[in-house]
Amino acid sequence: MGIEELREIFKEPLPAWERVQEIRVRIGYPILFRTEDGELEMKTCADRRLLRELLGIFSKHSLYAFEDEVRQGFLTIEGGHRVGLVGKAVLYEAGEGPLGAIKTIRDISALNIRLSHEKKGCADAILPYLYNGNGEVESTLLISPPGAGKTTMLRDLIRRISNGTAYGRGIGVSVVDERSELGACFQGVPQCDLGRRTDILDACPKAVGMLMVLRSMAPGVLAVDEIGTAADLEAMRYVANCGCALLATVHGTAIGDLEKKPVLAEMVRDRMFSRYVVLKKTPHPGTIAGIFDADRREVYGLS
Amino acid sequence: MKYVGILMMAAAVTGAGFLAAERWRERLLLLLQFRQMVYYLKGQILYTNATLPEALYEVGTKLRDGKRGNRAEPGLLLLRVERRLREDGKTPFSVAWQEEVERLPADFPMSKSDRQILAALGENLGYADRKMQERTLLFYLEQTEDSIAFLKKESDGRMRLYRCMGMAAGLFLMVLMV
């Protein structure tokens with residue numbers, strides 16, 4: 001989905017596509033565009049009809065195909081954009097499914113459309129720190145708060161490592177793209193450039209997918225977005241023990257945050273990653289706050 | 001010359017009988033094809049979790065390839081709906097489906113009730129969850145089974161009747177004119 005299609009939907013002039021980060025649509029309130037510089041309010045007020053229309057367009061009139069995603073409160077649409085949604089949660093009743101778990105979300109009242117951006121070259125500044133002297137890629141964890149550009153950075157990193165850089169030859173990269181955000185696959189074909197040596201397992205749960213691609217595609221590097229569960233940890237441990245480098249992202253604001261989360265703390269203790277890259281939102285998303293080694297010593301600026 | 005003309009007229013009337021029989025057979029074949037279409041759609045939606053445009057494209061291409069005339073229409077119908085959804089995402093699926101069913105050729109060998117059942121199929125497709133899609137498709141199959149059973153039961157007799165009537169009318173015309 002591009003700016004022309006959004007312009008068609010909202011029928012109002014939009015800010016430059018590259019500058020839009022989020023579009024907020026709430027019933028009864030004006031549509032808000034969040035850009036790098038701030039917010040822009042549109043004249044159009046969202047109503048239930050607009051929300052229904054948007055959901056129809058985003059899901060291609062097939063909300064049933066996004067059942068599992070809706071249950072988690074978001075859906076990833078063509079182009080890799082993520083649409084978060086809230087409304088009234090419907091829970092499973094006894095005998096119907098896991099008791100207390102969410103069956104679906106109805107009466108959807110607000111959408112948060114987070115636009116995916118492909119910024120080629122945004123990972124260039126961190127590349128020198130991610131290779132060892134033999135041209136091999138160090139296992140790297142990107143840490144940033146939401147909206148600070150870790151997925152965009154990971155995407156560019158995958159592309160650069162796959163194609164080859166001044167620091168090392170091109171390496172086969174396998175991507176387990178659980179939420180279809182990295183490759184933005186449409187009918188199996190990635191819409192984003194992830195490099196010529198990249199294989200993408202789309203819409204597959206990370207923990208299962210990592211083991212699958214490890215066996216089937218024999219990658220040199222394996223990339224996943226937003227890790228955090230115990231199952232992810234187990235799969236990553238297995239991958240790391242097979243001699244495959246890992247590229248992953250996680251929510252956080254500082255290197256110290258990792259130790260506060262049980263699963264991540266274990267990854268740090270196990271020295272699963274030899275590089276930690278912390279990103280921040282200001283002055284712009286993707287700003288490097290620090291790069292650390294396995295012992296969490298700052299290496300940024302030393303190379 | 002006169003006899004050649006008579007012979008040609010008799011052949012035309014006989015041919016009309018055969019044509020009517022063929023049309024009956026084509027009606028049955030088309031319904032069987034629509035039934036197959038629904039089985040394919042069911043597989044695409046429930047097994048591969050395809051969205052409607054993806055499912056329509058896959059099944060439409062499969063049904064269209066290698067067929068001509070009316071036999072290609074079920075596949076072409078799906079591809080026309082898919083194209084409309086792709087080009088104009090704002091049109092609800094039910095509206096696009098209904099309009100494309102109405103655009104089937106006027107002489108398309110399908111009864112009015114079968115057309116209505118086909119048009120109704122689009123009303124609930126895409127709505128709610130996967131179970132709802134399954135129920136909608138099964139409901140169409142149930143309704144179509146009745147028509148298929150009727151056509152199968154009647155087809156042999158009717159086709160024979162149309163052919164015989166055509167030949168009898170041709171002979172009668174010949175006798176009358178000679």
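Everything that follows concerns the structure shown earlier in this document.
These lines cover the structure that appears in this document, whether it is placed above or below. Computed from a predicted model, the values in this text were never measured in an experiment. (Residues numbered from 1 in each chain as written. Chains lettered and ligands numbered in written order. Predicted model: local features only at pLDDT ≥ 70, side-chain atom pairs only at ≥ 80, totals over all residues.)

Focus: the overall build of chain B
Here's step 1: On a plain count of helices and strands, chain B comes out with six helices and zero strands.
Here's step 2: Put simply, chain B runs from its N terminus to its C terminus through helices and strands in the order α-α-α-α-α-α.
Here's step 3: On C-alpha atoms alone, chain B measures out to a radius of gyration of 21 Å, which is more than a quarter above the 16 Å that the 2.2 N^0.38 rule sets for 178 residues.
Here's step 4: By principal-axis analysis of the C-alpha atoms, chain B measures approximately 70 × 35 × 25 Å.
Here's step 5: Evaluated residue by residue, chain B yields a buried proportion of 30% over its 178 residues.
Here's step 6: Partitioning the contacts of chain B with sequence separation of at least 6, the portion at a separation of at least 24 is 68%. (Helix = DSSP H or I, 4+ residues; strand = E, 2+ residues; numbered from the N terminus. Rg over C-alpha atoms; globule rule 2.2 N^0.38 Å. Buried ≥ 20, exposed ≤ 12 C-beta atoms within 10 Å, placed from the backbone. Contact = placed C-beta atoms within 7 Å.)

Description of the pairing of strand β2 (residues 30-35) of chain A
Residue and element names in this part refer to chain A.
Here's step 1: With four bridges joining them, strand β1 (residues 20-26) and β2 adopt antiparallel strand pairing. By the bridge assignment for β2, Ile23 is matched with Phe33.
Here's step 2: Sheet analysis places β2 next to strand β3 (residues 38-45), joined by five bridges and oriented antiparallel. Across the sheet, residue Thr35 finds its bridge partner in β3, namely Gly38.
Here's step 3: Between β2 and β3, which pair antiparallel in sequence order, lie two residues. (Pairing = 2+ DSSP bridges.)

As for unusual backbone geometry
Peptide bonds are mostly trans, and most non-glycine residues show a negative phi.
Residue and element names in this part refer to chain A.
Here's step 1: Cis geometry marks the peptide bond from Thr282 to Pro283; its omega dihedral reads 0°.
Here's step 2: Among the secondary structure elements, Pro283 is positioned in the loop between β14 (275-280) and β15 (287-293).
Here's step 3: Non-glycine residue Asp107 carries a positive phi angle of around 45°.
Here's step 4: When you line up the elements, Asp107 lands in strand β6 (residues 102-114).

Topic: the nonpolar core
Here's step 1: Within the largest apolar cluster, 54 residues are counted, with the highest numbers of intra-cluster contacts made by Ile158, Met210, Val221, Leu222, Ala223 and Leu246 of chain A.
Here's step 2: Ignoring any residue separated from it by four or fewer positions in sequence, one finds Met210 of chain A in contact with Val176, Leu222, Val224, Ala235, Met236 and Val239 of chain A. (Core = buried A, V, L, I, M, F, W, Y, C linked by C-beta atoms within 7 Å.)

A closer look at the packing of helix α3 (residues 73-87) of chain B against helix α4 (residues 93-102) of chain B
All names here are of chain B.
Here's step 1: Viewed as axis vectors pointing N to C, α3 and α4 meet at an angle of 140°, and their least axial separation amounts to 10 Å. In terms of their interaxial angle, α3 and α4 are classed as oblique. For the pair α3 and α4, the crossing hand works out as right-handed. Residue-level contacts link Leu77, Arg80, Val81, Arg84 and Leu85 of α3 to Phe93, Ala96, Trp97, Glu100 and Val101 of α4.
Here's step 2: Of the residues in the contact of α3 with α4, the class split is seven nonpolar, no polar and three charged. (Axes fitted to C-alpha atoms, helices over the stretch in contact; angles between N-to-C directions. Parallel < 35°, antiparallel > 145°, perpendicular 65-115°, else oblique. Left-handed = near helix turned anticlockwise from the far one by under 90°. Nonpolar A, V, L, I, M, F, W, Y, C, P; charged D, E, K, R; others polar.)

Structural notes on the interface of chain A and chain B
Here's step 1: Counting residues at the interface gives 10 residues for chain A and 17 residues for chain B.
Here's step 2: Of all the elements, helix α2 (residues 48-58) of chain A adds the most residues to the side of chain A that touches chain B, at three residues.
Here's step 3: Residues of the side of chain A that touches chain B, tallied by class, amount to three nonpolar, four polar and three charged.

Focus: the sheet that holds β3 of chain A
The strands that make up a sheet pair up through hydrogen bonds in the backbone, lying either parallel or antiparallel.
Residues and elements named next belong to chain A.
Here's step 1: Here we have six strands laid out as an open sheet, ordered β3-β2-β1-β6-β5-β4, and antiparallel in their pairing. If you trace the sheet from one side to the other, it starts and ends with β3 and β4 (74-77), each paired once. Each strand axis lies, on average, 30° off the axis of its neighbour in the sheet, ignoring direction.
Here's step 2: Running over the sheet, α2 touches β1, β4, β5 (81-91) and β6 and is turned about 95° from β6.

Regarding the pairing of strand β8 (residues 173-177) of chain A
Residue and element names in this part refer to chain A.
Here's step 1: Counting buried positions along β8 yields five of five residues, so the element is predominantly enclosed.
Here's step 2: Residues Val173, Val175 and Asp177 line one face of β8 and the alternating positions Ser174 and Val176 line the opposite face, and both faces are buried.
Here's step 3: Pairing of β8 with strand β11 (residues 198-202), which is carried by five bridges, proceeds in the parallel orientation. Bridge pairing in β11 places Ser174 opposite Asp199.

By themselves, these are just geometric observations and shouldn't be taken as functional.
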